[in-house]
Structure formats: structure tokens, C-alpha cells
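# Commentary on secondary and tertiary structure
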Amino acid sequence: MPTESFVPVIESLLDTDLYKFTMWQAMLHRHPEARAEYRFISRERPEHPLAGLAPEIERQLDHLCTLRFLPEELDYLRGLRYIKSDFVDFLSLFHFQRHFIRVSTQDGTLQIVARGPQVHVMAFEIFVLAIVNELYFRRHQTPDVLAEGRRRLRGKIALLREFGREPARRFPLLISDFGLRRRFSRAWQAEVVSTLRQAAPLHLTGTSNVALARSLDLVPVGTMAHEYLQSYQAFGKVRLRDFQRAALEDWVQEYRGDLGIALTDVVGMDAFLADFDLYFAKLFDGLRHDSGDPFAWGERAIAHYRALRIDPAGKRFVFSDGLDLPRALDLYRHFADRVQPAFGIGTNLTNDLGPRPLNIVMKLFQCNGMPTAKLPDSPGKVHCTDETFLAYLRQVFGRAG
């Protein structure tokens, strides 16, 4: 139990991204027997070694594993039309098992591995990232740093107001907060999102953070992430070449028209479009960009819809790869008369206070004892430790090394 000197980072199991719940439900219904391994990765060397946080991370995980979903939180989830009653019943019994996650250090590097039944370990990801971030940035929670963060936030609001004087385009500017996983702190994310909701209500329409969506009466935003599609690389009933089609088909059957934004870059846009035929193009509401050049990606997606004789103006394009507000506005101006653009902005909203943000992730590396890989259109985002499998995946999908 927390002591007087212990300040928990996580106080609610709703304090996570919506797509963890949507993928969780799909996996519980379709592949409840799957076993998985997730690993923490820092893509860059931080200013202060993360290994020094290990003892406090252990304490935070101990606390996380004492939490349960509260009745009012379960009622909120039950009120989302795409969340099914039996999944909420499962969540009412759920709690994290401490023995499924291990923290260690090696050569000054922080290592966190979650391994066990996928429906019991997949939800660790966002909580782990939020814990590491907040512990790391507690040394920077000074009045001067917070004042700089508020100054920068006022600059973003001023930019949105200036944008509001531009001629109207066919579709509106819609922005969602995607900043939970790399936030400066829980309190700072809440301040940023509530401030933007008051100052720019026509533009800030949602957040991926389910707890914030509930408390601020915002739309919870999210569908699927890479781990969902990657898992299908390891399911024996599916040929590797067909894993994306199988994952998309199961999603369609699970949600029957809801949550219709498909992620395009698990093995690159070329491979995705080869699988995203007329059937899927009609069933899904749109696409999400998360790697590679977003302008080129959008143009290719428009061309693909047109080749299928589908009007792109009826589709939603969600941009979510390392965006800041000026970049989002540039993309909006480029696409807003042809498609319905939306923007998920993360780190630049919730960790823009001066200190350099961490570039950390927690990714699926194995499922059912088999390797999985993410092979997107940005080389720095490739994740796989099995070079043989990675080479085979490249060969199957015609990707150069």
C-alpha cells in the first residue's frame, strides 16, 4: 500500500488510451488464449539514465496492481455503444497480476518486460509509459518550467485563433489529444486538455485518455494500434501474407460499423493498400497515418479510393505521427477540401514545457511464442529482435532491407 511519501502516478484504470480497451475486447472475444510478450524501449539516450528510476517504478507497479475498476467507471464504459456487456463484466473482475511484469537494469539500461496471457498483459503498456515519464520529469516540476509550459500553451491557442480568421474549407479542423503515453504528468495533461477545451472548443473535440474524456465530457478517441495487427502474424490459422486481412475482418465482425479507422503502416503503405480492397474500403470509415511522409501518404490514399470508385470526401484521414500544431495546420490546408481530416497530437501538447521529452515505447515482440514485427514507412520505428523473421516478413511483402 502507498506510504505517506509515495505519490502514485496512476490512480484510475480508466487513465489509459481508448484503443487499449477496443483492442482488449477484440482479443478477449477472438483470441482469449493468446500469450504475449511486451518490452519497454527507449529509442534515444535520455539526459538522465532511466535505470535509476527502477526502484520507484517497482513501487508504482505494486500500486497499479492494487487498483480495480470502480462501479462508476464500469458504467461509463458500458455506456459506450461499441463496448459489450460481457467485456465490462470481465473488467469488473480484472486486476493486474504483478508476476506478469518484471523490471530490471542491464549496463545502465532500464528493462521492463510484461509476459503472460495477452488479455492480462496488453494493458500494461500505457500505464508503464505514463509511470516512467512522470517519474523522470518530477525533477522538472518547478514553477519556472510550468510557467514556460503555460506560455507555450497560450501560443498554441493564439495560433488556433489566428487560424480561425482563414477562409472556411469544406471540412472543419478537428484535433484530439493523443498525449497520455509521453505526458509530463497526469496533472499537466489534465490542465492542457481542459484549457484547450475551454479556449478552442470547435477544434479540440476529443482525447484518447478515457479518464479525461469522462471527466471533461469529451469524445474518447481511438480504434486500433500496431499490436492488434501484429498479433495476427503469429496466429497459426492465418498465413503470414494474409495477417492484415484477417485482423481487419475480425475487427469488422467485432464492431459492426463502429470504430472504423484502419491503421495502415504495420508493414508499410504498399502492403496495406494491396490488402485494402473494395470490401474493406467500403466497410471502414477511413485510415490512420503513423509513419512516412504524411502528404505523400494522403495523396496515395486518395488515389486508392478513387481507383476503387469511392469518393474520398466521404472518408476520414487521421494523422497522428509526431505532430505539432503548425504541421497539423499545414496538413489540414492541404487536404481539408478533399477528405475529412483529423489530427491526433501527442507529445507536443502534453510534454512541451522546455525539458526534452522522452522517446519511449512499449511494444509487442512475441505472440504465442512466435516473433512479431512492426515494419513501417519510417525506418527508426522498426521493431523486431528476430532478424530471420524480419527478413522473411520483408520477403513476403516485397519490402527492401
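Structure report, in brief. Note that the coordinates shown come from a computational prediction; the quantities given were computed from them, not determined experimentally.

### Focus on the overall build of the protein chain
Each helix and strand in the protein chain was counted, giving 17 helices and 12 strands. Taken over the C-alpha trace, the protein chain has a radius of gyration of 21 Å; the compact-globule value for 401 residues is 21 Å, and the two agree within 12%. When the backbone C-alpha atoms are referred to their principal axes, the protein chain occupies close to 65 × 55 × 45 Å. Expressed as a percentage of its 401 residues, the buried residues of the protein chain come to 58%.

### So, the sheet that holds strand 11 (residues 360-367)
One open sheet accounts for five strands, arranged 2-3-1-11-12; its pairing is antiparallel. What marks the edges here is a single partner per strand, and that holds for strand 2 (101-106) and strand 12 (370-371). Two strands pair when backbone bridges link them, and strand 11 and strand 12 are joined in this way by two bridges, in the antiparallel orientation. In the sheet register, Cys367 faces strand 12, and the bridge partner there is Met370. The strands that helix 6 (residues 124-137) touches are strand 1 (35-42), strand 2, strand 3 (109-117) and strand 11; relative to strand 11, the one it contacts most, it runs at about 150 degrees.

### As for the packing of helix 1 (residues 18-30) against helix 11 (residues 243-255)
Remark: helix 1 packs on helix 11, axes separated minimally by 10 Å, with the N-to-C direction vectors making an angle of 95 degrees. For the element pair helix 1 / helix 11, the angle class is roughly perpendicular. Judged by residue contacts, Phe21, Thr22, Met23, Gln25, Ala26, His29 and Arg30 of helix 1 engage Asp250, Trp251, Gln253, Glu254 and Tyr255 from helix 11. Taken together, the residues of the contact of helix 1 with helix 11 break down into five nonpolar, four polar and three charged.

### Things to note about the sheet that holds strand 5 (residues 204-207)
Picture the strands of a sheet paired through backbone hydrogen bonds; they go either parallel or antiparallel. On the basis of which strands lie adjacent, the open sheet formed by seven strands has the order 6-5-4-10-9-8-7 and parallel pairing. Strands with a single pairing partner mark the edges of an open sheet, and in this sheet they are strand 6 (219-220) and strand 7 (261-263). By the bridge criterion, three bridges tie strand 4 (residues 175-177) to strand 10 (residues 340-345) in an arrangement that is parallel. Residue pairing for strand 10: Ser176 is matched across the bridge by Gly344.

### Here's the deal with the pairing of strand 11
Among the eight residues in strand 11, seven count as buried, and that is most of the element. Bridge analysis of strand 1 against strand 11 gives seven bridges, and the strand direction is antiparallel. Across the sheet, Glu37 pairs through a bridge with Gln366, a residue of strand 11. Here strand 11 folds back onto strand 12 in antiparallel fashion, the turn holding two residues, of which Asn368 has a positive phi close to 55 degrees.

### Remarks on the pattern of salt bridges
In this structure the tally under the stated criterion is 31 salt bridges. Notably, a salt bridge pairs Asp89 with Arg78, separated by 3.8 Å at the nearest N-O pair. Here Asp89, found in helix 4 (residues 85-93), pairs with Arg78, found in helix 3 (residues 71-78); they are 11 residues apart in sequence, far enough to count as distant. Measuring nitrogen to oxygen at the nearest pair gives 3.2 Å for the salt bridge that ties Arg333 to Asp330. Remark: Asp330 and Arg333 occur in helix 15 (residues 325-335); sequence separation between them is three residues, near one turn of the helix. Relative accessible area serves as the criterion here: at 40%, Asp330 is assigned to the partly exposed category.

### Comments concerning the side chain of Lys363
Its location among the elements puts Lys363 in strand 11. For the buried residue Lys363, which engages in no salt bridge, the nearest side chain bearing the opposite charge is Glu125, 5.2 Å off. When neighbours within four sequence positions are excluded, Lys363 is seen to be in contact with Glu37, Tyr38, Arg39, Arg43, His226, Lys374 and His383.

### Comments concerning unusual backbone geometry
For Arg256, which is not a glycine, the phi torsion comes out positive at approximately 50 degrees. Position of Arg256 among the secondary structure elements: in the loop between helix 11 and strand 7.

### Notes on helix 14 (residues 294-307)
Along an α-helix, residues three or four apart share an orientation, since each turn contains 3.6 residues. The first and last C-alpha atoms of helix 14 sit 20 Å apart over 14 residues, in line with the 20 Å expected at 1.5 Å per residue. Of all the residues in helix 14, the buried ones are Pro294, Trp297, Gly298, Ala301, Ile302, His304 and Tyr305. Projection of helix 14 onto a plane perpendicular to its axis shows the buried side chains occupying an angular sector of 160 degrees, all on one side. Within helix 14, the exposed residues directed more than 90 degrees away from the buried face are Arg306 and Ala307. The secondary structure elements touched by the buried residues of helix 14 are helix 12 (269-275), helix 13 (278-283), strand 8 (286-289), strand 9 (316-319) and helix 15. For helix 14, the N-terminal cap is Asp293; the gap from its side-chain oxygen to the backbone nitrogen of Phe295 is 3.1 Å.

Calculation rules
- Residues numbered from 1 in each chain as written.
- Predicted model: local features only at pLDDT ≥ 70, side-chain atom pairs only at ≥ 80, totals over all residues.
- Heavy atoms only, no water.
- Helix = DSSP H or I, 4+ residues; strand = E, 2+ residues; numbered from the N terminus.
- Rg over C-alpha atoms; globule rule 2.2 N^0.38 Å.
- Buried < 20%, exposed > 50% of the residue type's maximum accessible area, 1.4 Å probe, protein only.
- Pairing = 2+ DSSP bridges.
- Contact = heavy atoms within 4.5 Å.
- Axes fitted to C-alpha atoms, helices over the stretch in contact; angles between N-to-C directions.
- Parallel < 35°, antiparallel > 145°, perpendicular 65-115°, else oblique.
- Nonpolar A, V, L, I, M, F, W, Y, C, P; charged D, E, K, R; others polar.
- Salt bridge = Lys/Arg side-chain N within 4 Å of Asp/Glu carboxyl O.
- Lys, Arg positive; Asp, Glu negative; His and termini not counted.
- Expected span 1.5 Å × (residues − 1).
- Arc of directions from axis to C-beta.
- Polar contact = N/O pair within 3.5 Å; in protein donor to acceptor, adjacent residues only side chain to side chain.

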